[in-house]
Amino acid sequence: MKQEQDANLQEQEATAFEQEQTEAAAEVGGEESNDLQAALDQAKAEAEENYQRMLRVQADYDNFRRRTLKEKEDLAKYASSKLVTDLVPILDNFERALSTNPSNDSDSFSKGVDMIFRQFQQVLEQEGVTAIKAVGEPFNPEYHQAIMQVESDEHEEGIVVEELQKGYMLKDRVVRPAMVKVSS
């Protein structure tokens, strides 16, 4: 009987121990579950915040792209405004010169037109426009357009003999090649 009581007691103790273990596991599982839920909620909040931030950055980028495109279009549209501003006074001087009667005072008319020509050259030079040197230079198809070839005893073959129309460069780019006669 004592053995039976001992066995019952051990069985009760084992059952009580298992019950305590189950309750402890439930408590720990509940705490872990709460911790996991809190971590999940925090991760969801961070994901939402990152998504909102990404949407703002994307909107900012789209606005930046539109703004720079408009600025580029405006720059191309009004790039020549400085040149036009510099050329308008020359146009005024031409109108004044043409409004005078050149037959009465041809010398002053000639001087006036010469002054306008020099003013025009000066504005073009300030913008980087230069005339291409041609006569006496070796023919270069990048700068010269050969209209004809002529026999020449005083020039070697391939040398520009005569310039029929001036050529011009804008900084380092050919705007118009010079029309020339080349020795053969």
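Definitions and limits used
Residues numbered from 1 in each chain as written. Predicted model: local features only at pLDDT ≥ 70, side-chain atom pairs only at ≥ 80, totals over all residues. Heavy atoms only, no water. UniProt positions renumbered as here; feature names shortened; annotations may be inferred. Core = buried A, V, L, I, M, F, W, Y, C linked by side-chain atoms within 4.5 Å. Buried < 20%, exposed > 50% of the residue type's maximum accessible area, 1.4 Å probe, protein only. Contact = heavy atoms within 4.5 Å. Helix = DSSP H or I, 4+ residues; strand = E, 2+ residues; numbered from the N terminus. Pairing = 2+ DSSP bridges. Axes fitted to C-alpha atoms, helices over the stretch in contact; angles between N-to-C directions. Patch = residues over 30% accessible without salt bridge, like charges linked within 9 Å, V, L, I, M, F, W, Y side chains within 5 Å. Areas by Shrake-Rupley, 256 points an atom, 1.4 Å probe, with all protein chains shown as cover. Salt bridge = Lys/Arg side-chain N within 4 Å of Asp/Glu carboxyl O. Expected span 1.5 Å × (residues − 1).

Going by the annotation in an unreviewed UniProt entry, the name recorded for the protein chain is Protein GrpE, with Paenibacillus arenosi given as the source organism. Looking at the Subunit (unreviewed entry) heading of the UniProt record, one finds this comment for the protein chain: "Homodimer." UniProt's Subcellular location (unreviewed entry) comment on the protein chain is quoted here verbatim: "Cytoplasm".

Take the nonpolar core next. Soluble globular proteins tend to bury their nonpolar side chains together. By size, the foremost hydrophobic cluster in this structure holds five residues: A134, V160, A178, V180 and V182. The contacts of V180, once residues within four sequence positions are left out, are A134, F139, H144, Q145, A146, I147, M148, V160, E162, E163 and L164.

The next subject is unusual backbone geometry. Positive phi is not limited to glycine here, since K171 has a value of about 55°. You can see K171 is positioned in the loop between β4 (168-170) and β5 (173-176). By relative accessible area, K171 is classed as exposed at 62%.

A word on the sheet that holds strand β1 (residues 129-131). Taking strand neighbours across the sheet as the criterion, the three strands line up as β1-β4-β5 in an open arrangement whose pairing is antiparallel. Unpaired on one side and paired on the other, β1 and β5 mark the two borders of the sheet. Neighbour to neighbour, the strand axes of the sheet diverge by 35° on average, direction disregarded.

The next thing to look at is a nonpolar patch on the surface. A surface patch of nonpolar side chains, amounting to about 270 Å² of accessible area, comprises Y51, M54 and L55. Positionally, M54 belongs in helix α1 (residues 2-77). We classify M54 as partly exposed; its relative accessible area is 40%.

This part takes up the pattern of salt bridges. Evaluation of the coordinates by the stated rule reveals five salt bridges. For R118, the salt bridge goes to D114, with nearest N and O atoms at 3.1 Å. Taken together, the residues R118 and D114, both in helix α3 (residues 106-126) and four residues apart, mark about one turn of the helix. In this structure R118 comes out as partly exposed when scored by relative accessible area, which is 46%. Classification of D114 by relative accessible area gives partly exposed; the value is 37%.

Our next topic: α3. Three- or four-residue spacings in an α-helix give side chains the same orientation, since the helix completes a turn every 3.6 residues. Taking 1.5 Å per residue as the helical rise, α3 with its 21 residues ought to reach 30 Å, and the 30 Å between its terminal C-alpha atoms agrees with that figure. In the segment just after α3, G128 is the residue with positive phi, at about 100°.

In this section: the pairing of strand β6 (residues 178-183). Where burial is concerned, most of β6 is hidden: five out of the six residues are buried. Where strand β2 (residues 144-150) lies against β6, six bridges are found, and the strand directions are parallel. Following the sheet pairing, Q149 is matched in β6 by V182. When strand β3 (residues 160-165) meets β6, the two strands line up antiparallel, connected through four bridges.

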